Amino acid sequence: MKKEDLEQQAKVWQKSFEKQMKATLEACQWQMQEGITIKPLYTPSDLDERGFQHSFPGQHPFVRGVQPSGYVGRPWTIRQYAGFSTAEESNAFYRANLEAGQQGISVAFDLATHRGYDSDHPRVSGDVGKAGVAIDTVEDMKILFDGIPLDTTSVSMTMNGAVLPVMAFYIVAAEEQGVSPDVLAGTIQNDILKEFMVRNTYIYPPEPSMRIVQDIIAYATDHMPKFNPVSISGYHIQEAGADAALELAYTLANGRAYVRHALAKGLKIDDFAPRLSFFFGIGLHFLMEVAKLRAARLLWSEIMRDLGAQDDKSCMMRFHCQTSGWSLTAKDPYNNIIRTTIEAMAAVFGGTQSLHTNAFDEALALPSLFSSRIARNTQLVLQEETDILHTMDPFGGSYMMESLTHDLCEKVKELMAEIDSAGGMLRAIESGLPQRRIAQAAAERQVRIDRGEEPIIGVNKYQNESEDPIDVLSIDTHEVLEQQKNKLRQVKKQRDEKQVMASLALLRQAASDPQANLLEVAIVAARARATLGEMSLVLEEVYGRYQGKVTQVQGIFNKGYKQDPRWQDLVDRIQVFAQQEGRQPRILVAKLGQDGHDRGAKVIAAGFVDLGFDVDLSPLFTTPEEVLRMAIDMDVHIIGVSTLAGGHSALVPELMQLMKEQGIQDIQVVVGGVIPDQDHQALLDVGVTYIATPGTSIIDAAEAVFDRLSGDQ
């Protein structure tokens, strides 16, 4: 049949089908959070309307992938992002995983390291070894990679705030292993704009932080041809609540800002751009996630051409993906294995170059060896037991997928234009524009979940009557802390103190000299055994330590619940309380320690404000002493601690002890976040009145908190 006849037949069929099914088709259209409508049927006319242009894998604009052979020639790299406790523990974990089929190392650092503190600093007593590995000196880095040949092992490191000492430690550790920088392969995240936007593990203000990014790009361009000096991350933007359009728009805008900054410093775009890499989160909206990755490559190729790139390699977007941590549930957690598998498949169909699959128990605690093995094997099964590797971009030419890719591109361009009108990404972040949009998106999604409009199996639909206990990994923070303190004492005892002081003086001088390369000087300090905290403090003395603004949104929950009788009943009860007490019930929502993930805190604040609570959000990175002082000064009824990274086991008891010592009995403490069941009783024993785990609805949490405050429970 000729093409013309086929097209005519399709039109006749479509007209007949639409006549019969018009009402059904209209009813089945699905409005995505991104503002894009997903239709139940796509036809050739959808591509014609969008001016679809055929393309091929490995060819500009790379919508179908950056390699002509796709996975047929080489599958994606299996990475498992991991780090916990000490360097010794993490090293053993890496070596076991490499022997079991893992193909690269992705290092997670603890929050003290991220924020530029040595393990013996008083502000980080509850964070050492939690949610990552503690690295204080080059000796820790050498232990981390002991027995792992750095000349043949690709290493990815998620580090932004303390990126200078961490990179310096890595380079010196390799050097003392006999490996020169020019053969090192891997990636450093080094994406500070994303930190100011969502994850918050920054140290210095934006301008000097951008200078650090630039110096690392420059050093890698000259000395590390196989190493990617920036991994521009959308992952944490998605985890903070952004939909696919927001994640992609802000990630691309950040990448564009780094390129422009490098060009302004005199670097040539085709010298450094081929080694810029990206990092995306993958959620459960399967088709949208596939379209996101295809759209990302298309848009980045256009951006780089506009910025003057001539080499096609500069226009290739290469990226790592990680399945969503936020989509993991504490309730019915074995469902998370299924969720992760679906997300992994979306990343693969989108053409990722490497992939990390989350473990099913990460909504409860750090992943165990048992759960990590399942997560890794998920990828091995996809690579070796399915036919996925045999075709590149099987969605290419799909009426639906090409239409969705196009529509997402248009939405992303609108959002990037908004950033441009705000003066670029750095100015937009300073004004709080992207932070507000992400916080609003997070709250809107929480409303849909709480109302059951977005089903989550085992949480708001098909709930289990009872949960089987799950063995989770527990880190003895006190033991890790003492080990790190001992190692720090040993390093300081054995080093040449004059050499250390001289190297730190050079670093301080370089911080004020725009012609100096900060990484080059940090490497000198690392060789002298200066610590991470010492290097960070020197830079802090020059640049200052940055404190971000707290972003709050309101009105979203009231809008979503305006017809809900249970919501209105709670609003009425709170109003009665306010009339009787002469003021609203007041809660301080606090983040203790160095954990900067504040999605949960912001969502709780938004919901409680709409119910009628007087809500204060504490600054990030507070100590128990600081939180208690704020609570007393603000005369609050409740302190609500939001926790994610395990610090609750040390920091909440410390807060409760301070309250006991000061005889404070009229302030209740509630805790919410990633809290293993095994930790609940200890928190209740010290006086915590309520614990909310992931999956708890806002209205359930608010009712429980208010009942305890009003004496109804």
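Presented here is a report on the structure given in the accompanying data block. Being a predicted model, the structure only gives us computed values, none of them experimental. (Residues numbered from 1 in each chain as written. Predicted model: local features only at pLDDT ≥ 70, side-chain atom pairs only at ≥ 80, totals over all residues. Heavy atoms only, no water.)

## Remarks on the overall build of the protein
Okay, step 1: For the protein, the count of helices and strands is 30 helices and 16 strands.
Okay, step 2: In terms of overall dimensions, the protein has C-alpha extents of about 85 × 70 × 50 Å along its principal axes.
Okay, step 3: When the 713 residues of the protein are sorted by exposure, 59% land in the buried category.
Okay, step 4: Long-range contacts, defined here as pairs at least 24 residues apart, represent 78% of the contacts in the protein between residues at least 6 apart.
Okay, step 5: One way to put it: in the protein the 68 positive side-chain charges average out to a point 4 Å from where the 95 negative ones average out. (Helix = DSSP H or I, 4+ residues; strand = E, 2+ residues; numbered from the N terminus. Buried < 20%, exposed > 50% of the residue type's maximum accessible area, 1.4 Å probe, protein only. Contact = heavy atoms within 4.5 Å. Lys, Arg positive; Asp, Glu negative; His and termini not counted. Charge placed at Lys NZ, Arg CZ, Asp CG, Glu CD.)

## Considering the nonpolar core
Okay, step 1: Judged by nonpolar contacts, the single largest core of 89 residues is most densely connected at Leu248, Tyr250, Leu252, Phe280, Trp300 and Met304.
Okay, step 2: In this structure, Leu248 is in contact with Phe280, Lys292, Ala295, Ala296, Leu299, Leu408 and Val412, ignoring residues within four places of it in sequence. (Core = buried A, V, L, I, M, F, W, Y, C linked by side-chain atoms within 4.5 Å.)

## Re the packing of aromatic side chains
Okay, step 1: As enumerated under the stated definition, the model contains 22 aromatic pairs in all.
Okay, step 2: For the ring pair Tyr71 and Trp76, a centre distance of 5.2 Å and an interplane angle of 70° mean the geometry is edge-to-face. No difference in accessibility class separates Tyr71 from Trp76, as the two residues are buried.
Okay, step 3: Members of the aromatic cluster, connected to one another through ring pairs, are Phe196, Tyr202, Tyr546 and Phe621. (Phe/Tyr/Trp six-rings, centres within 6.5 Å; stacked < 30°, edge-to-face > 60°.)

## Overview of the layout of surface pockets
Okay, step 1: Of the pockets and cavities examined, the second largest pocket occupies roughly 1000 Å³.
Okay, step 2: Along the walls of the second largest pocket sit 42 residues, with Arg74, Thr77, Arg318, Gln353 and Ser354 positioned nearest its centre.
Okay, step 3: The element best represented in the lining of the second largest pocket is strand 10 (residues 318–323), accounting for four residues.
Okay, step 4: Here the residues of the lining of the second largest pocket sort into 13 nonpolar, 23 polar and six charged. (1 Å grid on protein atoms, 1.4 Å probe; cavity = no way out; pocket = protein on both sides within 12 Å on 5 of 7 lines; lining within 4 Å. Points joined across faces, edges and corners; volume = space filled by probe spheres on them. Nonpolar A, V, L, I, M, F, W, Y, C, P; charged D, E, K, R; others polar.)

## Concerning the side chain of Gln446
Okay, step 1: For Gln446, the location among the structural elements is in helix 19 (residues 433–450).
Okay, step 2: Given the relative accessible area of 14%, Gln446 is considered buried.
Okay, step 3: In this structure, Gln446 is in contact with Trp326, Phe557, Val603, Thr696 and Ile698, ignoring residues within four places of it in sequence.

## Digging into unusual backbone geometry
Okay, step 1: Residue Pro61 is reached from His60 by a cis peptide bond, and omega for that bond is 10°.
Okay, step 2: If you trace the backbone, Pro61 turns up in the loop between helix 2 (44–49) and helix 3 (70–73).
Okay, step 3: Positive phi values are uncommon outside glycine, yet Phe621 reaches one of about 65°.
Okay, step 4: Assignment of secondary structure puts Phe621 in the loop between strand 13 (614–617) and helix 27 (624–634).
Okay, step 5: The exposure class of Phe621 is buried, given its relative accessible area of 3%.

## Structural notes on helix 23 (residues 532–543)
Okay, step 1: Between the first and last C-alpha of helix 23 there are 16 Å, a value that for twelve residues agrees with the 16 Å anticipated at 1.5 Å per step.
Okay, step 2: For helix 23, the complete set of buried residues consists of Leu532, Gly533, Glu534, Met535, Ser536, Val538, Leu539 and Tyr543.
Okay, step 3: Contacts from the buried residues of helix 23 go to helix 5 (111–114), helix 7 (163–175), helix 9 (206–223), helix 20 (477–494), helix 21 (497–511) and helix 22 (518–527). (Expected span 1.5 Å × (residues − 1).)

## Observations regarding a negative patch on the surface
Okay, step 1: Among the surface-exposed residues, Glu4, Asp5, Glu7 and Asp48 lie close enough to one another that they form a single negatively charged patch.
Okay, step 2: With three residues, helix 1 (residues 3–28) is the single largest residue contributor to the negative patch.
Okay, step 3: Relative to the helices and strands, Asp48 is located in helix 2. (Patch = residues over 30% accessible without salt bridge, like charges linked within 9 Å, V, L, I, M, F, W, Y side chains within 5 Å. Areas by Shrake-Rupley, 256 points an atom, 1.4 Å probe, with all protein chains shown as cover. Salt bridge = Lys/Arg side-chain N within 4 Å of Asp/Glu carboxyl O.)

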